[in-house]
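Below, each chain spelled out in residue letters.
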Amino acid sequence: MDPVLFGANTQERIVAVHQQQESAMRVYSRTADSVIWEDADFYPFFFLTDASLLAGYRGKHWVKELSGSNAFRYLCAFPRWNEMWEAIRFLIDRHNQTAAPKIESYAELPWLHVRTDPVGQFLLQSGRTLFKGMAFEELHRMQLDIETYTGHGHRFSNANRVEDRIIVVALSDNRGFSRAIHGREFAEKELLEEVVRTIRERDPDVIEGHNIFNFDLPYILKRCELHGVDFAVGRDGSTFRSFETRTAFADRAVDVTSAEVGGRHVIDTWLLLQAYDVSKRTLESYGLKYAAQHFGFARQDRIYVAGEKISWYWDNEPDLLIRYAMDDVYETGKLSELLSPPYFYLSQMVPMNFGALARAGSAAKIETLLLREYVRQKQSVPSPSRGLQTTGGYTDIFITGIVEHVVDVDVESLYPSIMITDGIAPRTESIGVFTHLLTRLTAMRLDAKRAMKAEADPANRAKLDALQSSFKILINSFYGYLGYNRALFNDIEQADRVTMTGQAHLRRLIEAIGSRRGAVIQVDTDGIFFSPPDTIRGVEEKEEAFVPLIARELPEGIRLALNGRYKAMLSYKKKNYALLGYDNKISMKGSSLTSRSLEKFGRHFVAQCIDALLNRNIAALHSLFVSLWTDIAEHRLTVADFARTETLREGSLAYAESLERGERNKTASYEVALASGLSWKPGDRVSYYITGSDASVKGFENCKLAEEWDPTLPDENVAFYQKRLQELAKKFEVFFQPQDFRAIFSMDDLFPFSPDGIEILTVRLERTAPAEPDPDEPRIWLEEPGDDE
DNA sequence: AGCTGTGGCAGGGAGG
DNA sequence: CCTCCCTGCCAC
């Protein structure tokens, strides 16, 4: 096993590490038949740029000068945690007492670098990792879910609503145990104590829940506090330690009240689900019930209870409510089985504990791997450099309209491959760990994938799949790490080198396709949609053989793969298109076609129009438009159809302040949330609709919560929604001659609508780069000359 | 304390 | 009308 990747101490099976007090550390190791704990033997430390900063510090400490020429050249170690905190306080007082405003956080000191998470630092320094050599199935995982009694409906679950009480705690584990502890048998205080007893008796390694961090755990802890119950479910009898954290998922950040407990790991499947969706982008919601349906493990007889009906069920049908809670824990277990194994296997490599790994961002994972090796080799560590990346992926569009017989090729792992073949690494990374890790991870991933394909046993296959996807998580983060402003080992110039090289590869491929009489439709970063030369178009074997032909333009180590073949493609704009498969399935991509913030009627309308276009059914376009127009006019749509659902990314305070400073304008979604008097937190979603009678009303002055809509007195703004429909129809303007477009998308039925003679335009857009079209060449891909604006 | 990147489109509001 | 700017959402 590679020690750089897996750490030292390769035999030891550590189950968990826990910080017990400020100064104590417990390590829980597993023996053959039981779980034992032992004290840890290690020294807390931080890095300094200059050892003289600590001159005059009286407490016991050791200073080690590190090799290399990076910024942090000294490692200062201390006998206990308390002594390290004391030294940090000394540094702040001594070197910043005159600075105004006074520095309150050591994170702001450029000459000090300290990882203050004791567990993380222990793993980092000791070179140990968790669950070494274990299979996921060997984990003892327990699922938990609570139901609360509110007496009346509630919209946002709120752990601080102390007047609500817990009526059901459902528990299950992967060893056949399941039990509902509920308020028909216990008063709440006794109920909570029974939960503590049960968890300690079962003694699971992992506690799992869906949104357990932001709901179940804070709620339980709050109620325990009220009753004076010590929720001491830790292996050493300790209780939960909670702390606010922010987790970033692509472009949105989620605030989470994380919690840890001694000797166990907490896994929140709600977070895992969002991490999963960052790359997949297929989920409509992050709810447990939706996910269970989506992944296909919802039981046939599963009980569904709407959130606001829970109290009613408790009063009238308690057994059903209990079954509902048990169904929840069952689905939580299944969801975790699906999503958490890659993180479990990562915990055997990365010096973070399982629970922390499932919450951490990808840059943090890479950094701990680098840092562990730097500490082991006693090498100095660089400080982050600031900068802005100047380039990204290459995106372009060459043809709009409908193209028949389309091939999609993509460069496999474009950025990692470039980094490996060109040896791109941070210049400050002086001992070659970055490239070593990336190369080894890539090789191991390929091995795991190969082994998976050869494996017949489904259980082993699943394990290998989890293993290869844990490698993938890391591999894909190396490029992002380079450009991350707060990374110790960042290097913005090298990040630009990666993207520029990627752009060059793509342009070469585009040229290669064009010179062989193929027609490129759209390009995005590492993938190309094109129409193959007419001599091979639509013939599977020939199209497959075409791929290696153009791949010859790429350097050694950069591989091109056939990603898909399609019966037709509707190319709309950059990053916006729809595909019709040979199985007649349609998939749509792009914010202007599939955005979740589009009203439901709009999404449906766009999807139906695209279906009609791809199947060249012009008559259907017209009838879709006409029927929807009259449905709106006659109030035949319900609020679910025309409400808009948007995410509130800012809290109420941040929104108000932002308005105050004139940095943003009033927005309907926020105004509706404010007017309702509900409190919300960033990430909550709100549904609203537009009222009034004028199509040009200001949204923020004429909006109402979706739930306020009354079907007997529909007050939605008919003119506004009809205008919306027209705007949506405008998306399809580019596909028709102006007079045809007007005929299709209009209510004018002076003459009956006839699709005869209407053609769908396919337009080659004016381009200067990369390859100028030869005017003498026949434009084989053109179906209509079109008016190119 | 904890938070990978760039590129592109839509829609709304403010102001010319 | 139009342009600018901001936010939200999405592709990769």
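One can find the structure itself at the top, above this paragraph.
Residues numbered from 1 in each chain as written. Chains lettered and ligands numbered in written order. Predicted model: local features only at pLDDT ≥ 70, side-chain atom pairs only at ≥ 80, totals over all residues. Heavy atoms only, no water.

Peer 1: Please clarify how the overall build of chain A should be interpreted in this entry.
Peer 2: Looking only at helices and strands, one finds 26 helices and 25 strands in chain A. The C-alpha radius of gyration of chain A comes to 30 Å, within 12% of the 28 Å expected for a compact globule of 789 residues. Each of the three principal axes of chain A carries a C-alpha extent, and together these read 90 × 70 × 65 Å. Within the span of chain A, comprising 789 residues, buried residues form 51% of the whole. For chain A, the share of sequence-separated contacts (at least 6 apart) that also reach a separation of at least 24 residues comes to 68%. Accessible area for chain A stands at about 36,000 Å²; split by element, carbon and sulfur atoms hold 48% of it. Within chain A, one finds 94 positive and 114 negative side-chain charges whose respective centroids are separated by 4 Å. (Helix = DSSP H or I, 4+ residues; strand = E, 2+ residues; numbered from the N terminus. Rg over C-alpha atoms; globule rule 2.2 N^0.38 Å. Buried < 20%, exposed > 50% of the residue type's maximum accessible area, 1.4 Å probe, protein only. Contact = heavy atoms within 4.5 Å. Areas by Shrake-Rupley, 256 points an atom, 1.4 Å probe, with all protein chains shown as cover. Lys, Arg positive; Asp, Glu negative; His and termini not counted. Charge placed at Lys NZ, Arg CZ, Asp CG, Glu CD.)

Peer 1: Sorry, what's going on with the pairing of strand 4 (residues 45-48) here?
Peer 2: Along any regular strand, the residues point their side chains to alternate faces of the sheet. Taking every second residue as pointing to the same face, both faces of strand 4 are buried, with Phe45 and Phe47 on one and Phe46 and Leu48 on the other. Where strand 4 lies against strand 6 (residues 74-77), 4 bridges are found, and the strand directions are antiparallel. Pairing of Leu48 across the sheet is with Tyr74, part of strand 6. Relative to strand 7 (residues 112-113), strand 4 is paired through 2 bridges, and the arrangement is antiparallel. When the sheet's bridge partners are listed, Leu48 is paired in strand 7 with Leu112. (Pairing = 2+ DSSP bridges.)

Peer 1: Where do I start with the side chain of Lys132 in this structure?
Peer 2: Structurally, the position occupied by Lys132 is in the loop between helix 3 (118-126) and strand 8 (141-149). Notably, Lys132 is buried but unbridged: the nearest opposite-charge side chain belongs to Glu12, and the N-O separation is 8.3 Å. A distance of 2.2 Å separates the side chain of Lys132 from the side chain of Thr129, its partner in a polar contact. Dropping the residues within four chain positions of it, Lys132 is found in contact with Phe6, Asn9, Thr10, Glu12, Arg13 and Gln348. (Salt bridge = Lys/Arg side-chain N within 4 Å of Asp/Glu carboxyl O. Polar contact = N/O pair within 3.5 Å; in protein donor to acceptor, adjacent residues only side chain to side chain.)

Peer 1: So what exactly am I meant to see when it comes to the protein's contact with DNA strand B here?
Peer 2: Looking at DNA strand B, there are 39 residues lining it, with Asp117, Phe243, Gly361, Ala364 and Arg486 nearest. Close to the protein, within 4 Å, the atoms of DNA strand B are drawn from sugar and phosphate at a rate of 71%. Here a phosphate oxygen of DNA strand B sits 2.9 Å away from a polar atom, N or O, in the main chain of Gly699. Taking Arg724, its side chain carries an N or O atom lying 2.9 Å from a phosphate oxygen of DNA strand B. At the level of elements, strand 12 (241-249), helix 12 (362-376), strand 19 (560-573), helix 19 (591-594) and helix 25 (718-730) are the ones that each hand at least two residues to the surface near DNA strand B. (Near = heavy atom within 4 Å.)

Peer 1: Teacher, can you tell me more about the environment of Val350 here?
Peer 2: Along the polypeptide, Val350 turns up in the loop between helix 10 (341-346) and helix 11 (354-357). Remark: the alpha-carbon pair of Val350 and Pro714, spanning 364 residues in sequence, is separated by 57 Å. With sequence-adjacent residues up to four places away left out, Val350 is seen in contact with Thr129, Leu357, Lys365, Thr368, Leu369, Arg372 and Leu474.

Peer 1: Sorry, what's going on with the sheet that holds strand 7 here?
Peer 2: Backbone-to-backbone hydrogen bonds join strands into a sheet, with any given pair of strands oriented parallel or antiparallel. Reading across the sheet, the 4 strands line up as 5-6-4-7 and stay open at both edges, with antiparallel pairing between neighbours. On the outer flanks of this sheet lie strand 5 (62-65) and strand 7, each paired with one strand and no other.

Peer 1: Looking at this structure, I do not really get the sheet that holds strand 22 (residues 644-647). What am I missing?
Peer 2: Judged by pairing direction, the sheet is antiparallel, and its 3 strands sit side by side in the order 22-23-24 without closing on themselves. The open sheet has two edge strands with one neighbour each: strand 22 and strand 24 (703-705). On average, each strand axis in the sheet is inclined to that of its neighbour by 40°, with strand direction left out of account. Sheet analysis places strand 23 (residues 685-690) next to strand 24, joined by 3 bridges and oriented antiparallel. The partner of Tyr688 across the bridge, within strand 24, is Leu705. (Axes fitted to C-alpha atoms, helices over the stretch in contact; angles between N-to-C directions.)

Peer 1: What should I look at first to understand the protein's contact with DNA strand C in this one?
Peer 2: DNA strand C sits among 21 residues. The nearest are Asp526, Tyr577, Arg596, Arg649 and Tyr670. Backbone atoms, meaning sugar and phosphate, form 81% of the atoms of DNA strand C found within 4 Å of the protein. Between DNA strand C and the protein, one listed contact pairs a phosphate oxygen with a side-chain N or O atom of Tyr577 at 2.7 Å. Note that a phosphate oxygen of DNA strand C is positioned 3.2 Å from one of the backbone N or O atoms of Gly590. Elements that contribute at least two residues to the surface near DNA strand C include exactly helix 19 and strand 22. For the surface near DNA strand C, the per-class residue count stands at 2 nonpolar, 7 polar and 12 charged. (Nonpolar A, V, L, I, M, F, W, Y, C, P; charged D, E, K, R; others polar.)

Peer 1: In this structure, what is going on with the packing of helix 13 (residues 414-421) against helix 14 (residues 433-454)? I would like to understand it.
Peer 2: Packed helices, taken two at a time, are described by the angle their axes make and the gap between the axes. Running from N to C, helix 13 and helix 14 point in directions that differ by 125°, and their axes come no closer than 10 Å. On the basis of their axis angle, the class for helix 13 and helix 14 is oblique. You can see that helix 13 and helix 14 cross each other, and the crossing is left-handed. Each of Pro416, Met419 and Ile420 in helix 13 lies in contact with helix 14, whose residues at this interface are Phe434, Leu438, Thr439 and Thr442. Grouping the amino acids of the contact of helix 13 with helix 14 by side-chain chemistry returns 5 nonpolar, 2 polar and no charged. (Parallel < 35°, antiparallel > 145°, perpendicular 65-115°, else oblique. Left-handed = near helix turned anticlockwise from the far one by under 90°.)

Peer 1: Sorry, what's going on with the nonpolar core here?
Peer 2: One finds Phe46, Leu48, Phe231, Phe240 and Ile528 to be the most contacted residues of the largest nonpolar core, which totals 169 residues. The element contributing the most residues to this core is helix 5 (residues 212-227), with 8 residues. Ignoring any residue separated from it by four or fewer positions in sequence, one finds Ile528 in contact with Val407, Asp408, Val409, Leu506, Leu509, Ile510, Ile513, Val520, Gln522 and Val523. Of all hydrophobic cores here, the second largest spans 56 residues; its members include Ala673, Ala706, Phe735 and Phe736. (Core = buried A, V, L, I, M, F, W, Y, C linked by side-chain atoms within 4.5 Å.)

Peer 1: Got a minute to help me understand the pattern of salt bridges in this structure?
Peer 2: Should their charged atoms come close, side chains of opposite charge can pair. One pass over the full model with this rule turns up 40 salt bridges. As a salt-bridge pair, Arg128 and Glu12 come within 2.9 Å of each other at their nearest N and O atoms. One end of the pair, Arg128, is in the loop between helix 3 and strand 8; the other, Glu12, is in the loop between helix 1 (3-6) and strand 1 (14-19), and 116 residues separate them in sequence. Take Glu12: its relative accessible area is 22%, and that puts it in the partly exposed class. The shortest N-O distance in the salt bridge between Arg302 and Asp328 comes to 2.5 Å. With Arg302 in the loop between helix 7 (288-295) and helix 8 (310-316) and Asp328 in helix 9 (residues 318-339), this pair connects stretches of sequence that are 26 residues apart. By relative accessible area, which is 3% here, Asp328 ends up buried.

Peer 1: Explanation requested: the environment of Thr400 in the structure shown.
Peer 2: Topologically, Thr400 is positioned in strand 16 (residues 399-411). Exposure remark for Thr400: the relative accessible area of 9% places this residue in the buried category. The sequence separation of Thr400 and Ile14 amounts to 386 residues, and the corresponding C-alpha distance is 57 Å.

Peer 1: Just checking my understanding: could you explain the pairing of strand 23 for this structure?
Peer 2: Bridging between strand 22 and strand 23 involves 4 bridges; their strand directions are antiparallel. By the bridge assignment for strand 23, Glu646 is matched with Val686.

Peer 1: Hey, could you run me through unusual backbone geometry in this one?
Peer 2: For residues besides glycine, phi is generally negative; the peptide bonds are generally trans as well. In this structure, Arg616 takes a positive phi of about 50° despite not being glycine. Within the secondary structure layout, Arg616 lies in the loop between helix 20 (600-614) and helix 21 (618-633). Owing to a relative accessible area of 33%, Arg616 belongs among the partly exposed residues under this scheme. Backbone geometry places His635, a non-glycine residue, at a positive phi of 55°. Structurally, the position occupied by His635 is in the loop between helix 21 and helix 22 (639-642).

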